[in-house]
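Results of the structural survey
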Amino acid sequence: MPLYNRRPELAPTPAPAPLGLAELLSYVRLALQQQLADSYWVVAEVSDLTLPRFAGAHCYLTLTEQGTDSRGMPMKAQARATLWSQRFQQLAPAFERATGQPLRPGLKLLLRVQVRFHEQYGLSLDVVAIDPSYTVGELALLRLRTLRQLEERGLLERQKQLLLPLAPQRLAVISSPTAAGFQDFVQQLQEAPYDFALTLFPAIMQGDDSPASIRAALDGIRARRGRFDAVVIIRGGGSRTDLLAFDEYGLAAAVGAFPLPVLTGIGHERDEALVDLTAHRALKTPTAVAVFLVERLARLEAAVLGLGEQVVALARRQLSQGHARLDQLSGQSRYAAHRQLDAARDALRARAHQATQAPREQLRQLAVGLARFRHQLPRAARRTLAREQRGLRQRGRVLLRRFGRHHQRRREALLRQRYQLQLALERQLHRAELRLCQLSVNSEQLAVIRQGPTPGK
């Protein structure tokens, strides 16, 4: 018989049965529905946007926000969002009326969203409302920031300091060749009694590519600026949304720093674009620019004609006074002529006796003067040549100093551009490294989910 009674051995606890992926994701969906509120107000930036391609289609957005994680490392939060067809038809027009522009990538929005999780499509957000007042404030701050940058660089007043010629007739025009505003501008000038030489520099006047296209046209004009009196930037009428390109900082700065006077006729409705503020003169429409140029020549013509009439009137008065004075002098001259004739006869008789001696003395004096001049002429020529050589050397030194300063400024500009390119490359590499880290973490999490729970734990 054993010394002690053995306890009965307990049967091992069976491991829980593994869950299917659909069942696990359904648990996640139920947990989210129980823990989250019905909707939330969220601030995010639109990084990508897919507009409806036909009636009844939906709008899909990608929302992002730059932030930091618990370790202080930069992190980019991102989520998919959906504007269903019916809500898009209500919210999009209201947003455009309030802000002056449509929904587009790059905008920062305040949205009311509902969190949705689907086993097949994953996590997404349903947009139920958009507060346009938040975006209006962001756009106003951006415009104010750009305006301050232009003011700090002195680009708001630089164009105003340029002198517009009295008769600007050689015009470099930046516009779309098919735009109605350009056709109206040309027709208005053709109907004027003055001759204008127009050179069109085609550019895209609407959309995201518009600022770069207009700056390229300005660069083309800069290379030939000696052939033009002024630059005209014109665009036909459009909504506030169509004119957003003319608030871009790079374009406004390029206009403000341009060496020729720039006239704008952008066709804006109420507010002035930043390009209008940096230009030499801003007019409302292309037709208004043409009228301004024609009226400037008309005023110059009127001034010249007025001066001509004054010259004619003055000449007539002087001619009348000259006739009266001539009559007076004619009487005096006849009396004086008789007296001078008598005196000349007496002098002629006296000089007749000296006629033989005087020519010889004069010839001798002329010969002496000619010899003196012949000796002085080489010395004067040498002094003049030396003075001109000194002037040429001085001008050469001035040109050399100017070339050195220009070379130094160009070298500094190239160094700044190289530094900006290096900084942009480092930023791109840093973003790529962060994205690779995020993909690595996501792949590890996916591998853990695929392996499932370990039996016996």
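Placed above this text is the structure.
Residues numbered from 1 in each chain as written. Predicted model: local features only at pLDDT ≥ 70, side-chain atom pairs only at ≥ 80, totals over all residues. Heavy atoms only, no water.

**Side note on the overall build of the chain**
A tally of helices and strands in the chain yields nine helices and 10 strands. Here the C-alpha radius of gyration of the chain, 44 Å, is well above what a compact globule of 457 residues would show, namely 23 Å. For the chain, the C-alpha atoms occupy an extent of roughly 190 × 55 × 30 Å along the three principal directions. Per-residue burial for the chain yields a buried fraction of 26% across its 457 residues. The contacts in the chain between residues at least 6 apart in sequence include a share of 66% that link residues at least 24 apart. Taken as a whole, the chain presents about 32,600 Å² of accessible surface, with 56% of it coming from carbon and sulfur. Placing the 65 positive and 41 negative side-chain charges of the chain at their respective mean positions leaves the two points 15 Å apart. (Helix = DSSP H or I, 4+ residues; strand = E, 2+ residues; numbered from the N terminus. Rg over C-alpha atoms; globule rule 2.2 N^0.38 Å. Buried < 20%, exposed > 50% of the residue type's maximum accessible area, 1.4 Å probe, protein only. Contact = heavy atoms within 4.5 Å. Areas by Shrake-Rupley, 256 points an atom, 1.4 Å probe, with all protein chains shown as cover. Lys, Arg positive; Asp, Glu negative; His and termini not counted. Charge placed at Lys NZ, Arg CZ, Asp CG, Glu CD.)

**Looking at the pattern of salt bridges**
The tally for this structure, following the rule as stated, stands at six salt bridges. Put simply, R170 and D229 hold a salt bridge, and the shortest N to O gap is 2.9 Å. Of this pair, R170 sits in strand β6 (residues 170-175) while D229 is found in the loop between α5 (210-222) and β8 (230-234), placing the two residues 59 residues apart along the sequence. D346 is the partner of R349 in a salt bridge, and the nearest nitrogen-oxygen pair spans 3.0 Å. Pair noted here: R349 and D346 are both in helix α8 (residues 286-352), with a separation of three residues, about one helical turn. Overall, the relative accessible area of 53% leaves R349 in the exposed class. Residue class for D346 comes out partly exposed when judged on its relative accessible area of 48%. (Salt bridge = Lys/Arg side-chain N within 4 Å of Asp/Glu carboxyl O.)

**Quick look at the environment of G207**
Among the structural elements, G207 can be located in the loop between β7 (197-202) and α5. Along the chain, G207 and E65 lie 142 residues apart, while their C-alpha atoms are 25 Å from each other.

**Structural notes on a positive patch on the surface**
On the surface, R379, R382, R383, R387, R390, R393, R397, R401, R402, R405 and R409 cluster together into a positively charged patch. Mapped onto the elements of the fold, R405 is located in helix α9 (residues 358-451). Under the relative-accessibility criterion, R405 is labelled partly exposed at 45%. (Patch = residues over 30% accessible without salt bridge, like charges linked within 9 Å, V, L, I, M, F, W, Y side chains within 5 Å.)

**Observations concerning the sheet that holds β6**
The pairing of strands in a sheet happens through backbone hydrogen bonds and is either parallel or antiparallel. Here five strands make up an open sheet; going across it, the order is β7-β6-β8-β9-β10 and the pairing parallel. The open sheet has two free edges, formed respectively by β7 and β10 (281-283), since each of these has just one partner strand. Strand-to-strand twist in this sheet, taken as the mean axis angle between neighbours without regard to direction, amounts to 20°. For β6 and β7, the ladder comprises six bridges, and the chain directions are parallel. (Pairing = 2+ DSSP bridges. Axes fitted to C-alpha atoms, helices over the stretch in contact; angles between N-to-C directions.)

**Topic: the side chain of S124**
Along the polypeptide, S124 turns up in strand β5 (residues 122-130). Relative accessible area serves as the criterion here: at 13%, S124 is assigned to the buried category. Those residues in contact with S124 that lie beyond four places of it in its chain are R80, Q114, V115 and R116.

**Examining the sheet that holds strand β1 (residues 40-50)**
A barrel is described by the order of its strands in space; here five strands give the closed sequence β1-β2-β3-β5-β4, paired in mixed fashion. Ignoring strand direction, the axes of neighbouring strands in this sheet form an average angle of 55°. Direction of pairing for strand β3 (residues 74-83) relative to β5: parallel, over a ladder of two bridges. Paired with A81 across the bridge in β5 is L125. Taken strand by strand, helix α2 (residues 85-99) contacts β2 (59-68), β3, β4 (108-118) and β5, and its axis lies near 50° from that of β5.

**Digging into the nonpolar core**
The tendency in soluble globular proteins is for nonpolar side chains to be buried as a group. Core analysis: the biggest nonpolar cluster contains 28 residues, and I174, I221, V231, I233, F246 and V255 have the highest contact counts within it. For this core, the elements supplying multiple residues, two or more each, are β6, α5, β8, α6 (249-256) and α7 (274-278). Residues contacting I221, with those up to four places away along its chain left out, are A172, I174, F201, F228, V231, F258 and L260. (Core = buried A, V, L, I, M, F, W, Y, C linked by side-chain atoms within 4.5 Å.)

**Considerations on the packing of aromatic side chains**
Applying the stated rule across the entire model yields one aromatic pair. Each ring, one from F201 and one from F228, has its centre 5.9 Å from the other, and the planes form 75°; the classification is edge-to-face. Of this pair, F201 sits in strand β7 while F228 sits in the loop between α5 and β8, placing them 27 residues apart in sequence. As far as burial versus exposure is concerned, F201 and F228 are alike and both buried. (Phe/Tyr/Trp six-rings, centres within 6.5 Å; stacked < 30°, edge-to-face > 60°.)

**Quick word on α8**
The first and last C-alpha atoms of α8 sit only 85 Å apart over 67 residues, clearly below the 99 Å expected at 1.5 Å per residue. Along α8, the positions that sit buried rather than exposed are P286, V289, A290, F292, L293, V294, R296 and L297. Packing partners of the buried residues in α8 comprise β6, α4 (180-190), β8, β9 (262-265) and β10. (Expected span 1.5 Å × (residues − 1).)

**A few points about a nonpolar patch on the surface**
Residues L19, L21, L24, Y27, V28, L30 and I449 make up a contiguous nonpolar surface patch of roughly 620 Å² in combined accessible area. Element by element, the count of residues in the nonpolar patch is highest for helix α1 (residues 21-35), at five residues. By the element assignment, L24 lies in helix α1. By relative accessible area, L24 is classed as partly exposed at 35%.

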